[in-house]
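# Breakdown of the fold
Residue strings, one per chain:
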Amino acid sequence: MIKPDKKKPSGSAKQQRAYPIQGSKEFTIIHHLLLGNSLHRFEAEGLGDHCLPSTISITARKYGLEIPRKMVQVSTRFNSTTSVMLYWFSEEDKVKMNSLR
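Let me begin by describing the structure that accompanies this report.

## Looking at the overall build of the protein chain
Along its length, the protein chain carries five helices and three strands. What you see in the protein chain, going N to C, is helices and strands ordered as α-α-β-α-α-β-β-α. Contacts in the protein chain between residues far apart in sequence, at least 24 positions, make up 52% of those at least 6 positions apart. Surface accessibility of the protein chain: about 7300 Å² in total, with carbon and sulfur atoms responsible for 54%.

This is the structure we're talking about:
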């Protein structure tokens, strides 16, 4: 008969969170925002992220960030405008991410 493992995990999930791997999509987006830049989904395409809202959501949950956002109008290639969400790091977000390095 196999006995159940009663050993507790080696630490909380927050203690196990590490800075993202250099060269990854997550690292690229975080680095861009840490430089004080803002970003919307069309700009993120140039950084290799094809689904920025998901990346922002996952990153915010993973690192406990607030990541402020607001809806903005951007020009399209069809001579009109469309609404997109603009994201940036708050000062608190920058401090949290820099403390992980």
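Now that the structure has been shown, we can carry on.
## Points about the environment of P20
Note that P20 resides in the loop between α1 (13–16) and α2 (25–34). Accessibility expressed as a relative area gives 7% for P20, which makes it buried. The sequence separation of P20 and R101 amounts to 81 residues, and the corresponding C-alpha distance is 9.2 Å. Contacts of P20, omitting those with residues within four sequence positions, involve E26, F27, I30, Y63 and M97.

## What to know about the sheet that holds strand β2 (residues 69–75)
Strand order in the open sheet formed by three strands is β1-β3-β2, and the pairing between neighbours is antiparallel. The sheet terminates laterally at β1 (39–40) and β2, the two strands that pair on one side only. As paired elements, β2 and strand β3 (residues 81–87) share seven bridges and run antiparallel to each other. When the bridges of β3 are listed, S75 appears paired with T81. Sheet strands touched by helix α4 (residues 52–63): β1, β2 and β3. Its angle to β3, the strand with the most contacts, is close to 20 degrees.

## Quick look at the environment of D93
Positionally, D93 belongs in helix α5 (residues 91–99). The spacing of D93 and Y63 is 30 residues in sequence and 8.9 Å in space, taken between C-alpha atoms. Beyond its immediate chain neighbours, meaning those up to four positions away, D93 contacts L65, E66, I67, P68 and W88.

## Let's talk about the side chain of E26
The topology assignment puts E26 in helix α2. Among the polar contacts made by the side chain of E26, one reaches the side chain of K62 at a distance of 3.4 Å. Look past the residues within four positions of E26 in its chain and what remains in contact with it is P20, T59, K62 and Y63.

About the cut-offs
Residues numbered from 1 in each chain as written. Predicted model: local features only at pLDDT ≥ 70, side-chain atom pairs only at ≥ 80, totals over all residues. Heavy atoms only, no water. Helix = DSSP H or I, 4+ residues; strand = E, 2+ residues; numbered from the N terminus. Contact = heavy atoms within 4.5 Å. Areas by Shrake-Rupley, 256 points an atom, 1.4 Å probe, with all protein chains shown as cover. Buried < 20%, exposed > 50% of the residue type's maximum accessible area, 1.4 Å probe, protein only. Pairing = 2+ DSSP bridges. Axes fitted to C-alpha atoms, helices over the stretch in contact; angles between N-to-C directions. Polar contact = N/O pair within 3.5 Å; in protein donor to acceptor, adjacent residues only side chain to side chain.

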